[in-house]
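Chain by chain, the residues run as shown.
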Amino acid sequence: MAIQRVASKWAKTQVLLQNQQVSPYIPLTQKYTRATLGNMLENTTLVYIKPDRGTYGNGVMNVQRHGEPAAPAGEQPVESSPRTVVEYTLRYGTRSETYANLDALHLAILRHTRGKFYIIQQGIVTLKYEERQFDLRILTQKTPYRHWETTGIIGRVAAKNMIITNYHGGGSVRLLNELLEGNVSPEEAPLLERKLYELGVATAQQLQTKFPGIKEIGLDVAIDEQLNPWILEVNTLPAIFPFKKFFKDKSIYRRIERYAINYGRLPGRSKRRGSY
């Protein structure tokens, strides 16, 4: 049976929100409109705007709000509070642009979206590694025994001045323990790691209720400053080469490879050698 792939970030998010075990780990995510942009930026200082379908971080933007928005109609601002000028910084790739109001910001975003379906997501203030943001890729696979298993976690560190962490976008790969060292105590680290492994399995199980043909997923997960994990998105065609290239423990990749061969992602060893 062919492996099912699901491209729509919105569709996957809607399925995950139906599960009480998984939904607390999903940042507020909505369809992008001028209204959702304004509403989110009233309540948070950072949002990400992403194409519903896309890979390698292509088309991703973020917006940071500087200053406090005006008080809602009917509410009186505190007289002693100084007035703050509100500005918005739009970032994409290595570029940034500042806009004085939401209408100008929205028009700038529309030049990038070009009529395509985009989503807007609450930004997460994450832990840092060497002053750069990072996230984690959690690989969860269907085993030969037809249950789900998280088989590996790698970290992805953003390149300088980049808003995405993808390897193809200049990001670098680090092991989980490297990223947690200095951010997480020795007592907390194994508890957080176990939570991440369990989150991978719970996410796969929930997605399978709607997409029964999936066999593997890659969760992109951010860790906030309170050590809470947040699912940024889920990929149903996750890259597995980083687990081969960057792990010194080759048994990790051998398990990944064995499972991938079993469900048809990779050809068997005999086929790859050109023999029978």
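Residues numbered from 1 in each chain as written. Predicted model: local features only at pLDDT ≥ 70, side-chain atom pairs only at ≥ 80, totals over all residues. Heavy atoms only, no water.

If you look the chain up in an unreviewed UniProt entry, it shows as Endospore coat-associated protein from Paenibacillus rhizosphaerae.

It is worth spelling out the nonpolar core at this point. As a rule of thumb, nonpolar side chains are buried together in soluble globular proteins. One finds Leu-136, Leu-196, Leu-207, Leu-219 and Ile-223 to be the most contacted residues of the largest nonpolar core, which totals 34 residues. Of all the secondary-structure elements, those providing two or more residues to this core are helix H1 (9-16), strand S8 (132-142), strand S9 (148-157), helix H4 (176-180), helix H5 (188-210), strand S11 (216-223) and strand S12 (229-235). Per element, the largest residue contribution to this core is 8 residues, and it comes from H5. Sequence-distant contacts of Leu-207, defined by excluding residues within four places in its chain, comprise Lys-12, Val-15, Leu-16, Ile-214, Ile-217 and Val-234. Judged by nonpolar contacts, the second largest core, of 19 residues, contains Tyr-92, Tyr-99, Leu-105 and Ala-108. (Core = buried A, V, L, I, M, F, W, Y, C linked by side-chain atoms within 4.5 Å. Buried < 20%, exposed > 50% of the residue type's maximum accessible area, 1.4 Å probe, protein only. Helix = DSSP H or I, 4+ residues; strand = E, 2+ residues; numbered from the N terminus. Contact = heavy atoms within 4.5 Å.)

Moving on, we come to unusual backbone geometry. In the Ramachandran plot, Glu-131 falls in the positive-phi region, its phi being about 70° despite a non-glycine side chain. Residue placement: Glu-131 occurs in the loop between strand S7 (128-129) and S8. You can call Glu-131 exposed: its relative accessible area is 74%. Phi is positive for Leu-227, close to 70°, though the residue is something other than glycine. Along the chain, Leu-227 falls in the loop between S11 and S12. Among the residues examined, Leu-227 registers a relative accessible area of 19% and is labelled buried.

Let's shift gears to helix H2 (residues 34-43). For H2, the set of buried residues is Thr-36, Leu-37, Gly-38, Met-40 and Leu-41. Turning to H2, the residues buried within the fold contact strand S1 (29-31), strand S2 (46-51), strand S3 (61-66), strand S4 (87-92), helix H3 (102-113) and strand S6 (118-122).

Moving on, we come to empty space enclosed by the protein. Remark: the empty space left among the atoms is shown by a probe the size of a water molecule rolled over them. Here the structure, examined in full by the defined rule, presents 1 cavity of 30 Å³ or more. Volume-wise, the largest cavity comes out at about 110 Å³. Residue lining of the largest cavity: Lys-9, Lys-12, Thr-13, Leu-16, Ile-26, Thr-29, Ile-119, Gln-121, Ile-231, Leu-232, Glu-233 and Val-234, and that is the complete set. Looking at the lining of the largest cavity, the elements that each hand over two or more residues are H1, S6 and S12. (1 Å grid on protein atoms, 1.4 Å probe; cavity = no way out; pocket = protein on both sides within 12 Å on 5 of 7 lines; lining within 4 Å. Points joined across faces, edges and corners; volume = space filled by probe spheres on them.)

Before going further, it helps to examine the pairing of S2. Successive side chains on a regular strand alternate, one facing one side of the sheet and the next facing the other. Taking burial as the measure, the 6 residues of S2 include 6 buried ones, the bulk of the element. Going residue by residue along S2, you find Leu-46, Tyr-48 and Lys-50 tucked away on one face and Val-47, Ile-49 and Pro-51 tucked away on the opposite face as well. Two elements, S2 and S3, share 4 bridges in a ladder whose sense is antiparallel. In the sheet register, Leu-46 faces S3, and the bridge partner there is Gln-64. Of the strand pairs in this sheet, S2 and S6 are connected by 5 bridges, and their pairing is antiparallel. Of the residues in S6, the one forming a bridge with Ile-49 is Ile-120. (Pairing = 2+ DSSP bridges.)

The next thing to look at is the pairing of S8. S8 sits mainly inside the fold: 9 of its 11 residues count as buried. In this structure, S7 lies alongside S8, joined through 2 bridges in antiparallel fashion. Bridge pairing links Lys-128 to Gln-133 in S8. Here S8 runs beside S9; their pairing, made up of 9 bridges, is antiparallel. The residue bridging Arg-137 from the neighbouring strand is Ile-154, located in S9. One ladder, built from 6 bridges, connects S8 with S11; its direction is antiparallel.

Looking now at a negative patch on the surface. A cluster of acidic residues, Glu-130, Glu-131, Glu-178 and Glu-181, forms a negative patch on the protein surface. Inspection of the secondary structure puts Glu-181 in the loop between H4 and H5. Relative accessible area serves as the criterion here: at 64%, Glu-181 is assigned to the exposed category. (Patch = residues over 30% accessible without salt bridge, like charges linked within 9 Å, V, L, I, M, F, W, Y side chains within 5 Å. Areas by Shrake-Rupley, 256 points an atom, 1.4 Å probe, with all protein chains shown as cover. Salt bridge = Lys/Arg side-chain N within 4 Å of Asp/Glu carboxyl O. Lys, Arg positive; Asp, Glu negative; His and termini not counted. Charge placed at Lys NZ, Arg CZ, Asp CG, Glu CD.)

Looking now at the packing of aromatic side chains. By the definition in use, this model includes 2 aromatic pairs. Judged by centre distance (6.4 Å) and plane angle (70°), the ring pair of Trp-10 and Phe-117 falls under edge-to-face. In this pair, Trp-10 sits in helix H1 while Phe-117 sits in the loop between H3 and S6, placing the two residues 107 residues apart along the sequence. Overall, Phe-117 belongs to the partly exposed group, its relative accessible area being 36%. With a centroid separation of 5.8 Å and 10° between ring planes, the pair formed by Phe-243 and Phe-247 is classed as stacked. For the pair Phe-243 and Phe-247, one class covers both residues: buried. (Phe/Tyr/Trp six-rings, centres within 6.5 Å; stacked < 30°, edge-to-face > 60°.)

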